[in-house]
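An overview of the molecular structure
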2 protein chains.
Amino acid sequence: MTEHPFLRACRRQPTPFTPIWLMRQAGRYMAEYREVRARYSFLELCHDPQAAAEVTVTAVEKLGVDAAIIFADILLLLEPLGVGLSFAAGDGPTLARPLRTPADRDRLQRYDVADALGYVGDAVRAARAGLAGRVPLIGFAGAPFTLASYLIEGGGSRNYIHTKSFMYHHPAAWHALLDRLAQLINAYLRLQVTAGADALQLFDSWVGCLAPDDYREYVLPHSRRALAGISALAPVIHFGTGTGGLFPLLREAGGDVIGVDWRLDLDTAWAYIGHDRAVQGNLDPVALFASPADIRRRAAAILQRAAGRPGHIFNLGHGILPQTPVDHVRALVDAVHELSAR
Amino acid sequence: MTEHPFLRACRRQPTPFTPIWLMRQAGRYMAEYREVRARYSFLELCHDPQAAAEVTVTAVEKLGVDAAIIFADILLLLEPLGVGLSFAAGDGPTLARPLRTPADRDRLQRYDVADALGYVGDAVRAARAGLAGRVPLIGFAGAPFTLASYLIEGGGSRNYIHTKSFMYHHPAAWHALLDRLAQLINAYLRLQVTAGADALQLFDSWVGCLAPDDYREYVLPHSRRALAGISALAPVIHFGTGTGGLFPLLREAGGDVIGVDWRLDLDTAWAYIGHDRAVQGNLDPVALFASPADIRRRAAAILQRAAGRPGHIFNLGHGILPQTPVDHVRALVDAVHELSAR
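Residues numbered from 1 in each chain as written. Chains lettered and ligands numbered in written order. Predicted model: local features only at pLDDT ≥ 70, side-chain atom pairs only at ≥ 80, totals over all residues. Heavy atoms only, no water.

1. Re helix 15 (residues 326-340) of chain B
All names here are of chain B. Given a rise of 1.5 Å per residue, 15 residues ought to cover 21 Å, and the 22 Å separating the end C-alpha atoms of helix 15 matches this to within 8%. Listed as buried for helix 15 are His328, Val329, Leu332, Val333, Ala335, Val336 and Ser340. Buried positions in helix 15, seen along its axis, are confined to an arc of 160° and lie on one side of it. On the buried face of helix 15, the contacting elements are helix 4 (49-63), strand 8 (278-283), helix 14 (292-306) and strand 9 (312-316). (Helix = DSSP H or I, 4+ residues; strand = E, 2+ residues; numbered from the N terminus. Expected span 1.5 Å × (residues − 1). Buried < 20%, exposed > 50% of the residue type's maximum accessible area, 1.4 Å probe, protein only. Arc of directions from axis to C-beta. Contact = heavy atoms within 4.5 Å.)

Now the structure itself:
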């Protein structure tokens, strides 16, 4: 398995072609996924290891991508804290009891990761069995900042006023909260490696809302703590969006591979990150609404910017959108494989 | 008036202190504004030159900032096209008849800028009289891309799927639409200068959703057309958010001053833009929810990164949020003036 192109690219070793996988490749845009979801709510699907493994493997089979990612959600880690997590149909997640004051932390329940999230380990084992070595399996977790933003806002946010206000006005409680999240994340990533995950992605999806000075002071130590010792177990992809001003700091926090969204050119980003790290990206998810010929042209432009340098994993800059035509996704995968064949 | 610090900074001439103004400085966070809004709807206020001038001037008097910006909205330019513009209380703008196909362009009404938007010129004249030369007055317009995104989406958007799909699938209609918008914008900016605006800001607020290649192909020529000949009349500030990957292209499109949001350090951004342009920014609007002492510390950090180099206008990275404490805004203005005094 260590010789698979995806894992070789994580380690910046030469590969016969540029490996590709897509964030949210098992998702609503795919008919097979919608069929499974007709029988399960989103959380039921996450909680059922066999069903989660099934959609994980199906996505790989339908798309021909070079890695699987375990079907789960970054907020599963918050659920055992007792915050009232739910996913309404078509909407984003909601936490019934957001954390708005330092005192609110007292009602967060203590839990043991192996007990409360063992079902994700079971899903990883089942998916690995289903994949039968065809492609590596990626495990993942949300990063301390992004998880804290959901905990404090109670859902998605446009401006993160509650999150940043908590950070500014209650720095001790903020650091204690993020330290606790970082410890849970670290244990959760280890659990997934033990279950058989071949690589791991840390999703700091919303960290791009922060000024670099705030990231350095309020977030970096906790992301580093979340990743402590993990790269020695499996390659780590450190992902965020809107992070063009944060790359040196993300890198400092950890990760063998740094995620790059579509808002800057891949070569510019890679030079800024440093060529001693691998990169993952960076097609605009909305580019998949263009024609297959146009998608191919855009894939070629990104591959050209990567210039064949070992250590590029092709991906979108964020997750596949639900309205995306599935045949366009397949056209992208095929184009990347053909155009990058060496 | 040409000797005022704000205008000197636009031209990268030395100033006795760093000038500051704030996007949306006349807005809901301010009691005096809310009192006026109790008597006028948002659009009524925009349409009434005396009332618009009053809130423009009041903001300067309450805050002690170094420039006024005419009270108006970038979408006023779309209203005479007959798209059914409205602003619901507490929500963003809505266009009742968005433009989703090339054929939809046929029902956009033709209009003469001087006739249809002459009331903004009247507001500029009234505001200038009210300011009596105390500080310069900034006029503004939305940029072709941002205006097109509202036209096509029918309001704000998260992913700009309709806008980008239109761009990808109907490039000829896209370019014709943006060319028409660029001509209207150019005439509208000239109208404001003729009425007495001392400087102009082009708001490409949402252009940061684009990959650089898409900006170059689908947007740059139109932003350049919108700004053609304008810098010869008054200094131009070219503003966007999330544009860390677009700076060289924004600069190519035009502008004496380039706006920088809070997602990257001001010194990094300025080096990337080039020191032969002035910069405006770059405090996180949410930082105004921190304590005044903390706000002062953050202002000092930004001023330190500007390093006293001529050509820095202090501002937020985006507009003041409605929940912002007004005394914190005043604390910021005072801190910038004190800390930058040379």
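Past the structure itself, the notes keep going.
2. A short note on the interface of chain A and chain B
Listed per partner, the contact involves 40 residues of chain A and 39 residues of chain B. Interface area, chain A with chain B, both sides summed: about 2800 Å², of which 48% is carbon and sulfur. Contact with chain B buries area across many residues of chain A, yet A:Ile161, A:Tyr168 and A:Arg263 alone supply 18% of it, more than any other trio. B:Arg305 is paired through a salt bridge with A:Asp213; the nearest N and O atoms lie 2.9 Å apart. With 6 residues, helix 10 (residues 212-218) of chain A is the single largest residue contributor to the side of chain A that touches chain B. Residues that form the side of chain A that touches chain B fall into these classes: 18 nonpolar, 9 polar and 13 charged. (Buried area = accessible area lost by both parts, 1.4 Å probe. Salt bridge = Lys/Arg side-chain N within 4 Å of Asp/Glu carboxyl O. Nonpolar A, V, L, I, M, F, W, Y, C, P; charged D, E, K, R; others polar.)

3. Focus on the sheet that holds strand 7 (residues 257-259) of chain A
Residues and elements named next belong to chain A. The strand order across the open sheet formed by 7 strands is 1-4-5-6-7-8-9, and the pairing between neighbours is parallel. Only two strands of the sheet have a single neighbouring strand rather than two, namely strand 1 (68-69) and strand 9 (312-316). The strands touched by helix 9 (residues 171-195) within the sheet are strand 4 (137-142) and strand 5 (199-204), with strand 4 carrying the most contacts at an inclination of about 170°. (Pairing = 2+ DSSP bridges. Axes fitted to C-alpha atoms, helices over the stretch in contact; angles between N-to-C directions.)

4. Looking at the pairing of strand 5 (residues 199-204) of chain B
All names here are of chain B. The element strand 5 is extensively covered by neighbouring structure, given that 6 of its 6 residues are classed as buried. Alternating residues of strand 5 divide into Ala199, Gln201 and Phe203 and Leu200, Leu202 and Asp204, and every residue in both groups is buried. Pairing geometry for strand 4 (residues 137-142) and strand 5, over 5 bridges, is parallel. Residue pairing for strand 5: glycine 142 is matched across the bridge by phenylalanine 203. Where strand 5 lies against strand 6 (residues 236-240), 5 bridges are found, and the strand directions are parallel.

What is shown is where atoms sit, not what they do.
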